[in-house]
Amino acid sequence: MVSKFSIREVSAHDPLSEITELLHCAYAKNLAAGLRFNAAWQPESRTRERFEDGFGLVAHCGIHVAGTIAVCLPERLPYGTYHPDGLVASFGQFAVSPEFQGCGLGAMLVEEVRGRCREHGAKYLALDTAKPADGLIRFYQSMGFEIVGEVDYRPGTNYPSWVLAQEL
């Protein structure tokens, strides 16, 4: 099933309204569970801003937007309590349409991000997610990410987060 997807960089011609709607749909179950992830309700302008922080990828299945991810290019910085010894790229606004979840598309998107971040000189790839989001944490750990720190965006969110990272 994975072979039916195409992944490419987000362009100015992409319908950000469709990508934002995908984010809302993919994050709806987290919102229903009481976790106020920004991607569950953000406006289209925020979707655009996140892509402009570095680059974005979009996955298609035919003409349908099936997944997306936003990447911040490598920086030398602390990420919450995580203080790595090299350049860190990070990603967020990561979503796969509910109809395509479980078929490997998320792993494909992350693998594409790994390669691009290595090309940009990143030593580490990191992300953060809500501490109570056990399923997401297990998903990231299954892809080799480890909990390395904490970050807290409250009151923008309503939960503290784990920082997860892996060496590239």
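For the structure itself, consult the block above.
Residues numbered from 1 in each chain as written. Predicted model: local features only at pLDDT ≥ 70, side-chain atom pairs only at ≥ 80, totals over all residues. Heavy atoms only, no water.

Novice: If you had to explain the pattern of salt bridges to someone new, which residues and values would you point to?
Specialist: Considering all chains together, one arrives at nine salt bridges under this definition. One salt bridge in this structure joins Asp 85 and Lys 123, with 3.2 Å as the shortest N-O distance. Here Asp 85 is found in the loop between β3 (64-75) and β4 (88-96), whereas its partner Lys 123 is found in the loop between α3 (105-119) and β5 (124-130), with 38 residues between them in sequence. Look at Lys 123 and you get partly exposed, because its relative accessible area is 30%. Salt bridges sharing partners connect three or more residues here, namely Glu 9, Glu 112 and Arg 116. (Salt bridge = Lys/Arg side-chain N within 4 Å of Asp/Glu carboxyl O. Helix = DSSP H or I, 4+ residues; strand = E, 2+ residues; numbered from the N terminus. Buried < 20%, exposed > 50% of the residue type's maximum accessible area, 1.4 Å probe, protein only.)

Novice: Go over the nonpolar core, please, and point to the residues and values.
Specialist: Ranked by size, the top nonpolar core spans 45 residues in total, and within it Tyr 27, Ile 69, Phe 91, Phe 94, Leu 109, Tyr 140 and Phe 145 carry the most contacts. Within the residue set of this core, elements represented by two or more residues are α1 (16-32), β2 (54-61), β3, β4, α3 and β5. By residue number, the principal contributor to this core is α1, which donates six residues. Dropping the residues within four chain positions of it, Phe 91 is found in contact with Ile 69, Ala 70, Val 71, Val 110, Leu 125, Ala 126, Leu 127, Tyr 140 and Phe 145. The next biggest cluster of nonpolar side chains, apart from the first, holds eight residues, and it includes Tyr 82, Tyr 124, Ala 126 and Ala 165. (Core = buried A, V, L, I, M, F, W, Y, C linked by side-chain atoms within 4.5 Å. Contact = heavy atoms within 4.5 Å.)

Novice: Quick rundown of the packing of α1 against helix α2 (residues 44-52)? Include the residues and the values.
Specialist: Following both chains from N to C, one finds α1 and α2 inclined at 95°, their axes separated by 9 Å at the closest point. Viewed along their axes, α1 and α2 adopt a mutual orientation that is roughly perpendicular. Residue-level inspection shows Leu 16, Ser 17, Ile 19, Thr 20 and Leu 23 of α1 in contact with α2, the latter providing Glu 44, Thr 47, Arg 48 and Phe 51. Of the residues in the contact of α1 with α2, the class split is four nonpolar, three polar and two charged. (Axes fitted to C-alpha atoms, helices over the stretch in contact; angles between N-to-C directions. Parallel < 35°, antiparallel > 145°, perpendicular 65-115°, else oblique. Nonpolar A, V, L, I, M, F, W, Y, C, P; charged D, E, K, R; others polar.)

Novice: Which residues make up the sheet that holds strand β1 (residues 5-9), and what are the values?
Specialist: The mixed open sheet is built from seven strands, whose spatial order is β1-β2-β3-β4-β5-β7-β6. Two strands in the sheet have a free side with no partner beyond their single neighbour: β1 and β6 (146-152). Going from strand to strand, the sheet's axes swing by 25° on average, the running direction of each strand aside. Pairing of β3 with β4, which is carried by six bridges, proceeds in the antiparallel orientation. If you follow Gly 67 over to β4, its bridge partner there is Val 96. Those strands touched by helix α4 (residues 134-142) are β4, β5, β6 and β7 (160-167), and its axis lies near 165° from that of β5. (Pairing = 2+ DSSP bridges.)

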